Amino acid sequence: MESSRQQEIVAKHREYLFSCVANYYEEPLVVDHAKDSLVYDVDGREYLDFFGGIVTISVGHCNDTVVAAIEEQIRRVQHTSTLYPTEPHVRLAEKLAAITPGALRKSFFTNSGTEANETAVLVAQLYTRSHDVVALRHGYSGRTQLAMSLTGHYSWRLTPTASPNIHHIPNAYCYRCPFGLTYPSCDLKCAKDLEGAIQTATSGKIAAFIAEPIQGVGGFITPPREYFREVADIVHKYGGLFICDEVQTGWGRTGGKMFGIEQWDVEPDVMTFAKGMANGVPIGGTITRPEIADSVKGLSLSTFGGNPVTSAAALATIEVIESEGLVANAADRGRQLRDGLEGLREKYPLMGDIRGMGLMQAIEMVGPDKTPSPEAVMRLFELTKQNGLLIGKGGLMGNVIRITPALTVTKGHVDEALERLDRSLAQMGL
């Protein structure tokens, strides 16, 4: 039963915000406060948060260290813009140069993953003097005109493509192979198809190939171990740069490594970040090699990029991840979560595929003959909410559950989440 306060907030949301600003659940959950892995609505009901603001709460809601860093910095100086250097801004750039793979060294900070990806494409085009960009089907790059054009997911492309120079190739979706093949006998046809696309749909020289190590909005589609090595070799053969979108996979999320692409032992030419980088404070970042960064000449700035408060929050978030061993915790709790999900799949046939890495796990919900079942996702969503568990969804057909708790999640909370998920699945009566 909705309270009057909840009803008032939902009514004003519908009246004053764009209708495209959609909410989860038939009765939207109005969040009042949160701490660590727990979220509370305006009526005081408690929920176990296993989606974390769309893969954004890295170190727990209202983490004490991050909050303290924000409070200290906001009392010193809140804003300057990039026209004036500040210590948090340059310290964050220095930290990224130290922890990112390979020779990545120079950063440009913005406000979101969308802007980070726009910056990455711009720098690749300027450096290579080419405009052709190859992206993946089911990929998601953001909500601007260029980012929507890069996105290979029709429900997130609100307008026709803004660029004829963007080309999409099949992704490494092994559960539903676009070529009807089976890994590993497929010989990585999805990766090798990139060369044919470059030879037939471009001028033969490309600016970049952009991909998420694990496709986020696409439903946590996870490529085989050899995939990105094959792709990177082809990209470089035709003069392009490999842009790795770490917006959802970065900061230890995949377990055992700080960045997702490190799971494939590949060094990208450009990396982009956002979301979990500052534990929920708006941020975006692009890092690349010095010679690539220096190809951007002329006037450019970012009014809010590198904001001192945001930079302080990001530095504190990274400090917590490193000092508390959260990359290792993501691997340990990720194995626990994955084992539990695999166990549930033995009980519930509608759980067609379990995939992902670390604390980035997905369930593809299906009917007979692997038919996508978005209806099962919507039913499960309402039941998990009733049982006090918050999860996410995605996938081209809307039939994938996404599970991404904070990296600080405990063994007990994983056990509890699995129990609530089990209870919810049983209540579906399928």
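See above for the structure.
Calculation rules
- Residues numbered from 1 in each chain as written.
- Predicted model: local features only at pLDDT ≥ 70, side-chain atom pairs only at ≥ 80, totals over all residues.
- Heavy atoms only, no water.
- Pairing = 2+ DSSP bridges.
- Helix = DSSP H or I, 4+ residues; strand = E, 2+ residues; numbered from the N terminus.
- Buried < 20%, exposed > 50% of the residue type's maximum accessible area, 1.4 Å probe, protein only.
- Arc of directions from axis to C-beta.
- Contact = heavy atoms within 4.5 Å.
- Salt bridge = Lys/Arg side-chain N within 4 Å of Asp/Glu carboxyl O.
- Axes fitted to C-alpha atoms, helices over the stretch in contact; angles between N-to-C directions.
- Parallel < 35°, antiparallel > 145°, perpendicular 65-115°, else oblique.
- Left-handed = near helix turned anticlockwise from the far one by under 90°.
- Nonpolar A, V, L, I, M, F, W, Y, C, P; charged D, E, K, R; others polar.
- Right-handed = clockwise from strand over helix to strand, strands pointing away.

S.K.: Can you help me understand the sheet that holds strand S2 (residues 38-41) in this one?
M.R.: Adjacent strands of a sheet form backbone hydrogen bonds with each other and so pair up, either parallel or antiparallel. An order of S1-S2-S3-S13 is seen for the 4 strands of this open sheet, with the pairing classed as mixed. Two strands close off the open sheet at either side, each with one partner strand: strand S1 (31-35) and strand S13 (389-390). The sheet contact formed by S2 and strand S3 (residues 46-49) spans 3 bridges and is antiparallel. Residue pairing in the sheet places Tyr40 in a bridge with Glu46 of S3.

S.K.: Please explain helix H8 (residues 227-237) as it appears in this structure.
M.R.: Given 3.6 residues to a turn, an α-helix orients residues that are three or four positions apart in the same direction. Where H8 is concerned, the buried positions are Tyr227, Phe228, Val231, Ala232, Ile234 and Val235. For H8, the angular spread of the buried residues around the axis is 165°, confining them to a single face. Buried residues along H8 sit in contact with strand S5 (133-136), helix H7 (189-201), strand S7 (208-211) and strand S8 (241-245). Taken from the residues just after H8, Gly239 is the one with a positive phi, measuring 80°.

S.K.: In this structure, what is going on with unusual backbone geometry? I would like to understand it.
M.R.: In most cases, non-glycine residues show a negative phi, while peptide bonds are predominantly trans. Geometrically, the link from Tyr183 to Pro184 is a cis peptide bond, its omega value of 5° lying close to zero. Looking at the secondary structure, you find Pro184 in the loop between strand S6 (166-169) and H7. Notably, Phe220 is not glycine yet its phi reads approximately 55°, a positive angle. Here Phe220 shows up in the loop between S7 and H8. On the basis of relative accessibility, which here comes to 0%, the residue Phe220 falls in the buried class. In this structure, Asp369 is a non-glycine residue whose phi angle is positive, near 55°. Note on placement: Asp369 falls in the loop between strand S12 (360-365) and helix H12 (374-386).

S.K.: Explanation requested: the pattern of salt bridges in the structure shown.
M.R.: Two side chains carrying opposite charge are able to pair once their charged atoms lie near each other. Here the structure, examined in full by the defined rule, presents 22 salt bridges. A salt bridge links Arg45 to Asp41; the nearest nitrogen and oxygen atoms lie 2.9 Å apart. In this structure Arg45 comes out as partly exposed when scored by relative accessible area, which is 37%. Here Asp41 falls in the buried class, since its relative accessible area comes to 3%. Three or more residues joined by partner-sharing salt bridges are found here, namely Arg176, Asp353, Arg355 and Glu364.

S.K.: Which parts of the structure should I look at to understand the packing of helix H11 (residues 326-347) against helix H13 (residues 411-427)?
M.R.: When two helices pack together, their arrangement is given by the angle between their axes and by how far apart the axes lie. Where H11 meets H13, the axes come as close as 10 Å, and the angle between the chain directions of the two elements is 20°. It follows that H11 is roughly parallel to H13 by the angle criterion. With respect to the hand of their crossing, H11 and H13 are arranged in right-handed fashion. Touching Arg333, Gln336, Leu337, Gly340, Leu341, Leu344 and Lys347 of H11 are Lys411, Val414, Asp415, Leu418, Leu421, Asp422 and Leu425, all from H13. Here the contact of H11 with H13 is composed, by residue class, of 7 nonpolar, 2 polar and 5 charged.

S.K.: Is there a simple way to think about the pairing of S6 in this case?
M.R.: The side chains of a regular strand alternate between both faces of the sheet. Examined bridge by bridge, S5 and S6 share 4 bridges and lie parallel to one another. Considered in S6, the bridge of Ala135 is made with His168. Crossover S5 to S6 through helix H6 (residues 145-150) is right-handed.

S.K.: Before we go on, may I ask you to explain the sheet that holds S12 in this structure?
M.R.: Taken together, the 4 strands give an open sheet; going across it, the order is S11-S12-S15-S14, and neighbouring strands pair in antiparallel fashion. Strand pairing shows two members of the sheet lacking a second neighbour, strand S11 (351-357) and strand S14 (392-394), which therefore form its edges. Ignoring which end each strand starts from, the neighbouring axes of this sheet average 25° apart. Relative to strand S15 (residues 400-403), S14 runs antiparallel, the two being bridged by 3 bridges. Residue pairing across strands places Gly394 opposite Val400, the latter belonging to S15. Against the sheet, H11 contacts S11, S12 and S15, and its axis sits at roughly 170° relative to S11.

In short, the description is geometric, and any link to function would need to be established separately.
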